[in-house]
Amino acid sequence: MKKTLLSIALISLLAISCKNPQAAAQGTVQKTAVKSDITDEKLMDKVQKDALKYFWDYAEPHSLLGRERYHEDNIYPDNDKHVITTGGSGFGLATILVGVERGFVPRKEAVKRLTHIMDFLAKADRHKGAWSHWINGETGKTVPFGKKDNGGDLVETAFLTSGILMVREYFKNGNAEEKALAAKCDELWKGIQWNWYTKGGEKVLYWHWSPDYQWEMNFPLEGYNECLITYILAASSPTYSIDAETYYKGWTRNGTYLTDKTKYGLPLYVKHNYAEEYGGPLFWAQYSYIGLDPTGLSDKLVKNYFDINKNQTLIDYKYCVENPKQWKGYGPNYWGLTAGYTRNEDGSTGYTAHMPGNDNGVITPTAALSSFPYTPEESMAFLRFIYTQKPEFIGSAGPYDATSIHYNNWFTPRYLAIDQGTIAPMIENYRTGFLWKLFMNAPEIQQGLKKLSFQSTKYGIK
């Protein structure tokens, strides 16, 4: 990989990347494809149920939160089977809610599990209210993501908090046990010191703070990438809020992050960090929008966030269809570039931020599947293809994290929480808007959006 591409991966994925496993993996189990006459509705049900298994059947057994990774081959080169991931667990909370709403898991059992999770999070290490990127699922202690990254991770905390708030909203008017669960969620939310992460009042949020290394990571959150939700939550906090100036000076780079560039005739609208020609990996259109509904959402600079996400996704799709590197298999039913496991040149399993500017012939299924709200026809074509024609790419928790038709139908029998966790929520947002409604109707979120001069035609926010 060229140094410039490696820099992109390191910079844009600092909060969600993982150590590169060195083991090669090529499964040999014979599997049966789904029948081609299955309806779209049943196919969406199936992939949602499959993705739910990651967080329901294969959760870390002590905390019941989402493991950083789940490997069917049971090979963990870094001995990290017990490590849970904060952000991916937030997506897992949303996934469990989808499971309850669709009747995939019993509501009473979900309440019991979610209560256990909130109790664990309350006792786990926190750093000015924020959780670390990785946590030991057996002890609740911080697991360093890097030598100096051994404290609070505000972006991972934001992804987790988005899920916590949706759990609160879903159960707050329920029975006594459900109301108690909602109260635990509320307490966790109110304990996060968002404004601490402005490094003493600077007009920008910082990604990391460590009790040992303080601000030495020095990574300001500036757009555009996956971090918008961090500012939304920080502005919405009823206890440790930031002001609007921090959002517009920090996240929007004093309003300089807009662009008039287009690709395939589609406007990009904002400058994607280090990926201004095609846009970044597709998780940038997904992670902040598990709960934040981009439909008809605007602020002082952006007219419609949905258009940003839709165009980024369509550019990725059109790139894969154009297929300038001539990878075998790429096309209208096999597309989607985002961060995840990858195939190294020697055939072993690695990790990278796939995108048009960093395309090595590996398709990550979550990219297309989690894009349903933006590209329903193109995403359905992918979903139908992979389940009915590529059964070798499907494992115990849905589509494997990394696949390649070009390299003789290579795949790795492994999953990552951050990838598997967006599938069921984003498909559900396409189907019913379920999670979007929960999050957008939370009173603090409505107030926070108004504070930042956001408007939503869908939710009447002015």
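Residues numbered from 1 in each chain as written. Predicted model: local features only at pLDDT ≥ 70, side-chain atom pairs only at ≥ 80, totals over all residues. Heavy atoms only, no water.

## Notes on the UniProt feature "domain: Glycoamylase-like" (unreviewed entry) in the protein chain
Stated precisely, the cut-off is as follows: UniProt positions are given in the numbering used here, feature names are shortened, and annotations may be inferred rather than shown by experiment. Here a strand is any run of E in DSSP of at least two residues, a helix any run of H or I of at least four, and the numbering for each starts at the N terminus.
Within the UniProt annotation, "domain: Glycoamylase-like" (unreviewed entry) is assigned to residues 218–442. When the span residues 218–442 is considered, its composition is 33% helix and 13% strand, and the gap between its end C-alpha atoms is 32 Å.

## Focus on the side chain of serine 371
To keep it simple, the criterion reads: Under the scheme applied here, a residue whose accessible area is under 20% of the maximum for its type counts as buried, over 50% as exposed, and between as partly exposed, the area being computed with a 1.4 Å probe on protein chains only. Throughout, a contact is declared for two residues whenever any of their heavy atoms are within 4.5 Å.
Positionally, serine 371 belongs in the loop between α10 (365–369) and α11 (376–389). With a relative accessible area of 0%, serine 371 lands in the buried category. In this structure serine 371 touches Leu282, Gln286, Thr313, Trp335 and Ser379, once residues within four positions along its chain are discounted.

## What to know about the confidence of the model for the protein chain
The following threshold applies: Confidence of the predictor at the level of single residues is captured by pLDDT, which takes values from 0 to 100.
Averaged over the protein chain, the pLDDT score is 94; the fraction of residues at 70 or greater is 94%. Note that residues 1–30 has pLDDT below 50 and, in this model, 80 contacts with residues that lie over four places away or in other chains.

## With respect to unusual backbone geometry
In the segment running from glycine 223 into tyrosine 224, the intervening peptide bond is cis, with an omega of 10 degrees. Structurally, the position occupied by tyrosine 224 is in the loop between β6 (208–209) and α7 (228–236). Phi is positive for asparagine 74, which is not a glycine, with a value near 60 degrees. Of note, asparagine 74 is situated in the loop between β1 (69–71) and β2 (83–85). Despite not being glycine, asparagine 254 shows a phi value in the positive range, around 60 degrees. Overall, asparagine 254 belongs to the exposed group, its relative accessible area being 56%.

## Here we look at the packing of aromatic side chains
What counts here: In this scheme Phe, Tyr and Trp rings, the latter by its six-membered ring, pair at centre separations within 6.5 Å, and the angle between planes marks the pair as stacked below 30 degrees, edge-to-face above 60, and tilted otherwise. The rule for a charge over a ring is simple: NZ of Lys or CZ of Arg within 6 Å of the ring centre, and within 35 degrees of the ring normal.
Applying the stated rule across the entire model yields 38 aromatic pairs. An angle of 90 degrees between the planes, with centres 4.9 Å apart, marks the rings of tryptophan 207 and phenylalanine 219 as edge-to-face. With tryptophan 207 in the loop between α6 (176–190) and β6 and phenylalanine 219 in the loop between β6 and α7, the pair connects residues that are 12 residues apart, well separated along the chain. Both residues of the pair, tryptophan 207 and phenylalanine 219, count as buried. Put simply, the rings of Tyr54, Phe55, Tyr58, Tyr70, Tyr330, Tyr334, Phe382, Phe385, Phe393, Tyr400, Phe411 and Tyr415 touch in pairs and so form one group of aromatic residues. Sitting above the plane of the tryptophan 56 ring, arginine 113 keeps its charged end 4.0 Å from the centroid. Positioned above the aromatic ring of tyrosine 248, the side-chain terminus of lysine 300 is 5.0 Å from the ring centre.

## Details of the environment of threonine 388
This is how the line gets drawn: Any pair of N or O atoms that falls within 3.5 Å is considered a polar contact. Within protein, one atom must be able to donate a hydrogen and the other to accept it, and sequence-neighbouring residues count only if both atoms are side-chain atoms.
Tracing the sequence through the fold places threonine 388 in helix α11. Sequence separation of threonine 388 and isoleucine 75 is 313 residues, and the distance between their C-alpha atoms is 28 Å. Reaching out from threonine 388, the side chain makes a polar contact with the backbone oxygen of arginine 384 at a distance of 2.5 Å.

## Here we look at helix α13 (residues 423–431)
The periodicity of an α-helix, 3.6 residues per turn, causes residues three or four positions apart to be oriented the same way. Burial analysis of α13 places 8 of its 9 residues in the buried class, the great majority of the element. Within the span of α13, buried status applies to Ile423, Ala424, Pro425, Met426, Ile427, Glu428, Asn429 and Arg431. Looking at the buried residues of α13, the elements they touch are α2 (40–56), α3 (86–101), α10, α12 (417–420) and α14 (434–440). The first or second residue beyond α13 is glycine 433, which carries a positive phi of 70 degrees.

## With respect to the pattern of salt bridges
Formally: We count a salt bridge whenever a side-chain nitrogen from Lys or Arg sits within 4 Å of a carboxyl oxygen from Asp or Glu.
Scanning all chains against the criterion turns up 27 salt bridges. For lysine 184, the salt bridge is made with aspartate 119, and the minimal N-O distance between the two is 2.9 Å. With a gap of 65 residues between them, lysine 184 in helix α6 and aspartate 119 in helix α4 (residues 107–123) connect regions that are remote in the sequence. The partner of lysine 203 in a salt bridge is glutamate 245, with the nearest N and O atoms 3.7 Å apart. One end of the pair, lysine 203, is in the loop between α6 and β6; the other, glutamate 245, is in helix α8 (residues 244–251), and 42 residues separate them in sequence.

## Overview of α7
The buried fraction of α7 amounts to 9 of the 9 residues, a majority that puts the element mostly inside the structure. Structurally, α7 contributes buried residues whose contacts are with α5 (154–171), α6, α8, α9 (305–322), α14 and α15 (443–451).

## Here we look at the packing of α7 against α15
The condition is simple: Axis definition: a line fitted to C-alpha atoms, over the contacting stretch in the case of helices. Angles run 0 to 180 degrees between N-to-C directions. Relative orientations are named as follows: roughly parallel for angles under 35 degrees, roughly antiparallel for angles over 145 degrees, roughly perpendicular for angles from 65 to 115 degrees, and oblique for any other angle.
Running from N to C, α7 and α15 point in directions that differ by 105 degrees, and their axes come no closer than 8 Å. It follows that α7 is roughly perpendicular to α15 by the angle criterion. Judged by residue contacts, Ile232, Leu233, Ala235 and Ser236 of α7 engage Glu444, Ile445, Gly448, Leu449 and Lys451 from α15.

## Topic: the pairing of strand β11 (residues 349–353)
Definition in use: Note: two strands are recorded as paired if DSSP finds a minimum of 2 bridges between them.
Most of β11 sits out of view: 5 of its 5 residues are buried. Along β11, one buried face is formed by Thr349, Tyr351 and Ala353 and the opposite face, lined by Gly350 and Thr352, is buried too. The pairing of strand β10 (residues 339–343) with β11 spans 5 bridges and is classified as antiparallel. Of the residues in β11, the one forming a bridge with arginine 343 is threonine 349. Between β10 and the antiparallel strand that follows it, β11, lie 5 residues; glycine 347 among them carries a positive phi value of about 90 degrees.

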